[in-house]
Amino acid sequence: MKRAEDLEVSGRTVLVRADLNVPLDNGAITDDGRIQASLPTIRDLLAREAAVIVCAHLGRPKGDDYAARAAGGPSLRPVADRLAELLGRPVTLATDVAGESARVIASTMAPGEVALLENVRFEPAETSKDDQVRGELAGRLAALADLYVGDGFGAMHRKHASVYDTPLLLPHAAGQLVLAEVAVLRQLTSGPARPYVVVLGGAKVSDKLAVIGNLVGKADRLLIAGGMAYTFLAAQGHQVGDSILQAGQIPQVNAVLANAAKAGVELLLPVDHVVADKFASGAQPQIVPGPDIPDGTMGLDIGPATRELFGRKLSDAKTVFWNGPPGVFEFPAFAAGTQAVAEAISHVTGLTVVGGGDSAAAVRHLKLPADAFTHISTGGGASLEYLEGRDLPGLAALEAGT
């Protein structure tokens, strides 16, 4: 892929597809990590006298047409305000995606100026499965700029108009964030230093089965926790009480367990739990000193013996990939497992990759130093699909013609 730094951008308008999909609470940004991650590429382009138009999505707007989605939101206004604060210069927010407002702003921008298009998912065409429909929107986006830079790694696994179709219409290159993400993921898939330990958590085992299947034989150890662990435990015949359970996935989980055993890969599950009788921040935690969870309670975190076990299995690792928290870290009474795993990974001296999504949010929520890890990804889903061995449409578009 061509690098954005190699583009001649002085006096030209650059459309940057960024990932600014930040969490909001009543319109306020609760974690600006993705905005922060977009800054190096934007700053580099501005320093080289480009006019920068940023394109991004936020949430999943509902509605059959632009008007309905725009009315329901969410708008990128809070993101524009925060981006302006971080850049130390004004950021003009278009009132549309690629309509009259965007065209007027693009045609009047001077070098060193920044604009942000409104939420690209207000346009139903952005996510359309119809190539012609997406292509029409891509044409309008491409008309706004001279060059395209893809830097929204978190959306690279989507065949969307702004991610896949638009770069094919303009001279294009990859931004610093995308290049960094790909470089790290290649290290995980091409001769990683060993022992190679993968820690997977999160709620649904169905979201992770493909990546587990692909990592069996590549990783030396798989540490499974979070809500997904209860389906694994159920597959082994353990009681899981009222915990999250995807019973329909048990046959697939049994196949994974058999394949791991055949490949000689250690697959470790929680040996004890922190449970409660309800999913609530004020729920009373109780330690269950074994793999079985009593009826009337649900597992919300790994227990102290599992924390110790996972810490031991991480202590000699040379490569670690972590995706998904092992507990409900947002509730203080059930955050100890996530804290312990994160701290154990932070002490690893080799390559340590936090695979985006909730894991990255946990690192920030628990106020762990970002420099304690080699890389904190911005793209949970994109990272997982890359590790599954799937082609990412956004990367394919950036590689085309380069």
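Conventions adopted
- Residues numbered from 1 in each chain as written.
- Predicted model: local features only at pLDDT ≥ 70, side-chain atom pairs only at ≥ 80, totals over all residues.
- Heavy atoms only, no water.
- Buried < 20%, exposed > 50% of the residue type's maximum accessible area, 1.4 Å probe, protein only.
- Helix = DSSP H or I, 4+ residues; strand = E, 2+ residues; numbered from the N terminus.
- Pairing = 2+ DSSP bridges.
- Phe/Tyr/Trp six-rings, centres within 6.5 Å; stacked < 30°, edge-to-face > 60°.
- Axes fitted to C-alpha atoms, helices over the stretch in contact; angles between N-to-C directions.
- Left-handed = near helix turned anticlockwise from the far one by under 90°.
- Contact = heavy atoms within 4.5 Å.
- Nonpolar A, V, L, I, M, F, W, Y, C, P; charged D, E, K, R; others polar.
- 1 Å grid on protein atoms, 1.4 Å probe; cavity = no way out; pocket = protein on both sides within 12 Å on 5 of 7 lines; lining within 4 Å.
- Points joined across faces, edges and corners; volume = space filled by probe spheres on them.
- Right-handed = clockwise from strand over helix to strand, strands pointing away.

A word on the pairing of strand E4 (residues 51-55). Within E4, five of the five residues are buried, leaving the element largely enclosed by the surrounding structure. Burial along E4 is two-sided: the residues Ala-51, Ile-53 and Cys-55 and Val-52 and Val-54 are all buried. Note: strand E1 (residues 13-17) against E4, five bridges, orientation parallel. Bridge pairing in E4 places Arg-17 opposite Cys-55. Summarising the sheet, E4 and strand E6 (residues 114-116) pair through three bridges and their orientation is parallel. Within E6, the position partnered with Val-52 by the bridge is Val-114.

Glancing now at the packing of aromatic side chains. Pairs of aromatic rings are described using the distance from one ring centre to the other and the angle between the two planes. A complete count under the given rule lists two aromatic pairs for this structure. Centre to centre, the rings of Tyr-66 and Phe-122 are 6.0 Å apart; their planes meet at 85°, and the pair counts as edge-to-face. With Tyr-66 in helix H2 (residues 66-72) and Phe-122 in the loop between E6 and helix H5 (131-142), this residue pair connects regions lying 56 residues apart in the sequence. Where Phe-279 meets Phe-331, the ring centres are 5.1 Å apart and the plane angle is 55°; that geometry is what we call tilted. Highlighted residues: Phe-279 in the loop between strand E12 (273-276) and strand E13 (286-288) and Phe-331 in the loop between strand E15 (319-323) and helix H12 (336-346), separated in sequence by 52 residues.

Looking now at the packing of helix H7 (residues 176-189) against helix H14 (residues 380-388). Close contact between H7 and H14 brings their axes to 10 Å; oriented N to C, the two are set at 40°. Taken as a pair, H7 and H14 cross one another with a handedness that is right-handed. Taken together, the residues of H14 that come into contact with H7 (itself represented by Glu-181, Val-182, Leu-185, Arg-186, Leu-188 and Thr-189) are Ser-383, Tyr-386 and Leu-387. By residue class, the composition of the contact of H7 with H14 is five nonpolar, two polar and two charged.

What follows covers unusual backbone geometry. Residue Gly-73 is joined to Pro-74 through a cis peptide bond whose omega torsion reads 10°. Pro-195 follows Arg-194 through a cis peptide bond whose omega is 5°. Along the chain, Pro-195 falls in the loop between H7 and strand E9 (196-200). For Lys-367, which is not glycine, the phi dihedral falls at a positive 60°. In this fold, Lys-367 is placed in the loop between helix H13 (357-365) and strand E17 (375-376).

Over the atoms rolls a probe the size of a water molecule, and in doing so it shows where empty space is left. Its boundaries defined by the atoms lining it, the largest pocket holds a volume of some 1200 Å³. If you trace the largest pocket, you find 43 residues lining it, with Arg-34, Gly-357, Arg-364, Ser-377 and Thr-378 closest to the centre. The set of elements that each furnish at least two residues to the lining of the largest pocket consists of helix H1 (33-47), H7, H13, E17 and H14. It is H13 that provides the largest number of residues to the lining of the largest pocket, a total of seven residues. When the residues that make up the lining of the largest pocket are grouped by side-chain class, the tally is 16 nonpolar, 18 polar and nine charged. Of the voids in this model, the second largest pocket is the one considered here, and its volume is about 660 Å³. As for the second largest pocket, its lining consists of 32 residues, of which Gly-202, Ala-203, Lys-204, Pro-325 and Asp-358 are closest to the centre. Listing elements by their share of the lining of the second largest pocket, those giving two or more residues are strand E14 (298-302), H13 and H14. A breakdown of the residues in the lining of the second largest pocket according to their chemical character gives 11 nonpolar, 14 polar and seven charged.

Let us now look at the sheet that holds E1. With parallel pairing, six strands are arranged side by side in an open sheet as E5-E6-E4-E1-E7-E8. Looking at which strands have only one partner, the edges of the open sheet turn out to be strand E5 (91-93) and strand E8 (172-174). Put simply, the sheet's adjacent strands are angled 25° from each other on average, direction ignored. In the sheet, E1 pairs with strand E7 (residues 147-150) via four bridges, with the strands oriented parallel. Within E7, the position partnered with Leu-15 by the bridge is Tyr-148.

The subject of this paragraph is the pairing of strand E10 (residues 221-224). Regular strands show a simple pattern: their side chains alternate between the two faces of the sheet. The alternating pattern of E10 places Arg-221 and Leu-223 and Leu-222 and Ile-224 on opposite faces, both of which are buried. Examined bridge by bridge, E9 and E10 share four bridges and lie parallel to one another. Looking across to E10, one finds that Val-198 is bridged to Leu-222. Taken together, E9, helix H8 (residues 209-215) and E10 form a β-α-β motif whose crossover is right-handed.

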